[in-house]
Amino acid sequence: MNTPKEVIAWAKDLKCKIVDLKFCDLLGTWQHYSLPLSELTEALFEEGNGFDGSSIRGWKAINESDMLLMPDPSTAKIDPFCAETTVSIIGNIADPVTHEAYSRDPRGIAKKAEDYLKSTGLGDVAYFGPEAEFFIFDNVSFDQKAHEGYYHIDSEEGVWNTGKNGDQKNLGYKPRHKEGYFPVSPTDSLQDIRSEMILEMEKAGIVVEKHHHEVATAGQAEIDLRFDSLVNMADKMLWYKYIVKNVAKRHNKTVTFMPKPLFGDNGSGMHTHQSIWKAGKPLFAGDKYAGFSQMGLHYIGGILKHAPAICAFSNPTTNSYRRLVPGFEAPINLAYSSRNRSASVRIPMYSPSPKAKRLEFRTPDPSCNPYIAFAAMLMAGLDGIENKIDPGQPLDKNIYGLSAEELKKVPSAPGSLEEALCALERDHEFLLKGGVFTQDLIQTWIDYKKENEINPVRLRPVPQEFFMYYDV
């Protein structure tokens, strides 16, 4: 469905009663409000619907709060979690006075990135294929006060959960730390829940390639989606998070996309596959290293050059850098290779088909806003192509086996969110091309992250500090 008329007829045929309008806030979380079906008119799509933008994180001030949500008819789906039959539509955000796209609307930024690609003549579509990982827990509790702070995670699958547990039986089938990759049941106890998740995704028109247990203990999972164009894939990632969280809730479980909720085990990443096509032809296939084209290598050069700044969007939480720690198999080393998963950029070698040629950027994690993160990656890659940035020599050795002297020659990702934001402050001209990102958006992002995330974490003691320092 591509027109308002088609959506209205479809919703009436399905006897929908509610229209749910969704949009993405600055940090990457869906927001929504609902209307009765009688309000689903062609005028709604043409004129938009007003709401208070000052109540949305990182958006307008109270004195300029009015915003318009412009529903995109191509995004209409049936929401699988509403008691009443509900049609869900994603919207773009516009200024009510000028009707121009709002510069801090993440979906608007992603659309401008797609438009910029076309304007360069280099390609007409950028495909993205993220592999988002997450944890399925049975219970989580946390609090922070002036005199105490804690978090507690419980999982039937947790390797720590093997002792006596009250009157409940404990059968001992638990994935050990870093041994959760691909076990069958009963060790993998979440097969049916993951299957239910992908079936709900398919109902929503999302093509799923596979699902499986991931490396960590305590229910770490991965569901891989078929690649799609930038905006469409970002839309699907919001549906992805919405569906897995709500299916987990059906089973009285909880899902987190925090990159590093557990100490001593693997964190959750979001390896992101990328390629550019033109007139139906893949442009990254060629006769260079690993079957790549010169254009593809220049795209990699752009990703590697701008990776520290990209991390401000692709790894945007303080918790992201609990995962990106040197020496623990994290993709922090800014190098590229074929097959080698210890490089931050990998060229997968599963298939010799030119259509399968893409790069995999392994540093990002699923706490990011996909609209903004994908747009930043594309703009970095395009800068690499436009300026013929050489990615250097591939690193086909095991990076974790390199000597300290050899490692000095390999640049690395930022070690903290603060470092990433500083990198963004220094290096963001590539994002401003074509008006895709604005100086206002970048400064708003930096200020918000410093004031609302970095400073609150910096000010609070953590339990490990009591362990190390209480008796000083």
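Up top is the structure these notes are about.
Read on for a plain summary of the structure. (Residues numbered from 1 in each chain as written. Predicted model: local features only at pLDDT ≥ 70, side-chain atom pairs only at ≥ 80, totals over all residues. Heavy atoms only, no water.)

Our focus in this paragraph is the packing of aromatic side chains. Going through the model one piece at a time under the given rule, you end up with 23 aromatic pairs. Here the aromatic rings of Tyr-127 and Trp-277 are separated by 5.6 Å at their centres, their planes lie at 90°, and the arrangement is edge-to-face. Residue Tyr-127 is located in strand β7 (residues 125-137), and its partner Trp-277 is located in strand β14 (residues 270-278); the two are separated by 150 residues in the primary sequence. Between the aromatic rings of Phe-466 and Tyr-470, the centroid separation amounts to 6.4 Å while the plane-to-plane angle is 20°, which identifies the pairing as stacked. In this structure an aromatic cluster arises from ring pairing among Phe-23, Tyr-33, Phe-51, Trp-59 and Tyr-102. Against the face of Trp-30 rests Lys-22, its NZ or CZ located 5.4 Å from the ring centre. Lying across the ring of Phe-257, Lys-241 places its NZ or CZ 5.2 Å from the centre. (Phe/Tyr/Trp six-rings, centres within 6.5 Å; stacked < 30°, edge-to-face > 60°. Helix = DSSP H or I, 4+ residues; strand = E, 2+ residues; numbered from the N terminus. Lys NZ or Arg CZ within 6 Å of the ring centre and 35° of its normal.)

Bringing the packing of helix α4 (residues 191-203) against helix α5 (residues 230-250) into the picture now. Taken N-terminus to C-terminus, the directions of α4 and α5 make an angle of 135°; their axes are 9 Å apart at the nearest point. One finds that α4 runs oblique with respect to α5. Of the two elements, α4 crosses α5, and the hand of that crossing is right-handed. Two secondary-structure elements touch here, α4 through Ile-193, Glu-196, Met-197, Glu-200 and Met-201 and α5 through Tyr-240, Ile-243, Val-244, Val-247, Ala-248 and Arg-250. For the contact of α4 with α5, a count of residues per class yields 8 nonpolar, no polar and 3 charged. (Axes fitted to C-alpha atoms, helices over the stretch in contact; angles between N-to-C directions. Parallel < 35°, antiparallel > 145°, perpendicular 65-115°, else oblique. Left-handed = near helix turned anticlockwise from the far one by under 90°. Contact = heavy atoms within 4.5 Å. Nonpolar A, V, L, I, M, F, W, Y, C, P; charged D, E, K, R; others polar.)

Backbone torsion omega between Ser-185 and Pro-186 reads 10°, so that peptide bond is classified as cis. Its place among the elements puts Pro-186 in the loop between β9 (149-154) and α4. Backbone geometry at Lys-15 places phi at a positive 60°, although glycine is not the residue there. Looking at the secondary structure, you find Lys-15 in the loop between α1 (4-13) and β1 (18-24). In this structure, Asn-252 is a non-glycine residue whose phi angle is positive, near 60°. Examined against the element boundaries, Asn-252 turns out to sit in the loop between α5 and β13 (254-256).

What follows covers the packing of helix α6 (residues 294-314) against helix α10 (residues 417-426). Packing of α6 against α10 leaves a shortest axis separation of 7 Å and a crossing angle of 120°. Between α6 and α10, the angle falls in the class oblique. Like other packed secondary-structure pairs, α6 and α10 cross with a definite hand, here left-handed. Of α10, the residues touching α6 (which contributes Pro-308, Ala-309, Cys-311, Ala-312 and Phe-313) are Ala-420, Leu-421, Ala-423 and Leu-424.

Under the 1.5 Å per step criterion, the end-to-end length of α4 is 19 Å for 13 residues, consistent within 8% with the ideal 18 Å. Along α4, the residues that are buried comprise Ile-193, Arg-194, Ser-195, Met-197, Ile-198, Glu-200 and Met-201. At its buried positions, α4 is contacted by β7, β10 (208-213), β11 (220-225), α5 and β13. Taken from the residues just after α4, Gly-205 is the one with a positive phi, measuring 80°. (Expected span 1.5 Å × (residues − 1). Buried < 20%, exposed > 50% of the residue type's maximum accessible area, 1.4 Å probe, protein only.)

Between the first and last C-alpha of α6 there are merely 25 Å, a value that for 21 residues lags more than 12% behind the 30 Å anticipated at 1.5 Å per step. The principal kink in α6, of about 75°, is found at Ala-307, preceding the proline Pro-308 by one to four residues. Counting buried residues along α6, 17 of its 21 residues qualify, which places the element largely inside the surrounding structure. (Bend = angle between axes of the 7 residues up to and from the residue.)

What follows concerns the environment of Pro-364. Looking at the secondary structure, you find Pro-364 in the loop between β18 (359-361) and α8 (370-386). On the accessibility criterion, Pro-364 (0% relative accessible area) is buried. Once the C-alpha coordinates of Pro-364 and Ser-344 are considered, the two residues, 20 residues apart in sequence, prove to be 9.4 Å apart. Discounting chain neighbours no more than four positions away, the residues touching Pro-364 are Gly-269, Met-270, His-271, Thr-272, Ser-314, Asn-315, Arg-323 and Met-377.

A separate point is the pairing of strand β3 (residues 49-52). Regular strands have side chains that alternate between both faces of the sheet. Alternating positions in β3 separate cleanly, Asn-49 and Phe-51 being buried on one face and Gly-50 and Asp-52 remaining unburied on the opposite face. Relative to strand β4 (residues 66-71), β3 runs antiparallel, the two being bridged by 4 bridges. Considered in β4, the bridge of Asp-52 is made with Asp-66. (Pairing = 2+ DSSP bridges.)

Core analysis: the biggest nonpolar cluster contains 119 residues, and Leu-40 and Phe-437 have the highest contact counts within it. For Phe-437, the residues in contact, after removing those within four places along its chain, are Ile-109, Phe-313, Ile-372, Ala-375, Ala-376, Met-379, Leu-431, Leu-432 and Ile-442. (Core = buried A, V, L, I, M, F, W, Y, C linked by side-chain atoms within 4.5 Å.)

In this section: the side chain of His-212. Within the secondary structure, His-212 sits in strand β10. On the basis of relative accessible area, His-212 is assigned to the buried category, the value being 7%. Sequence-distant contacts of His-212, defined by excluding residues within four places in its chain, comprise Tyr-181, Phe-182, Arg-194, Ala-221 and Glu-222.

Turning to the pattern of salt bridges, a few remarks are in order. Inspection of the entire model under this criterion finds 25 salt bridges. Among the salt bridges present, the one from Arg-57 reaches Asp-25, with a minimum N-O distance of 2.8 Å. Pair noted here: Arg-57 is in the loop between β3 and β4 and Asp-25 is in the loop between β1 and β2 (30-36), with a separation of 32 residues, a long-range link. What makes Asp-25 buried here is its relative accessible area of 1%. For Lys-449, the salt bridge is made with Glu-453, and the minimal N-O distance between the two is 3.0 Å. Taken together, the residues span about one helical turn, with Lys-449 and Glu-453 both in helix α12 (residues 439-459) at a distance of 4 residues. (Salt bridge = Lys/Arg side-chain N within 4 Å of Asp/Glu carboxyl O.)

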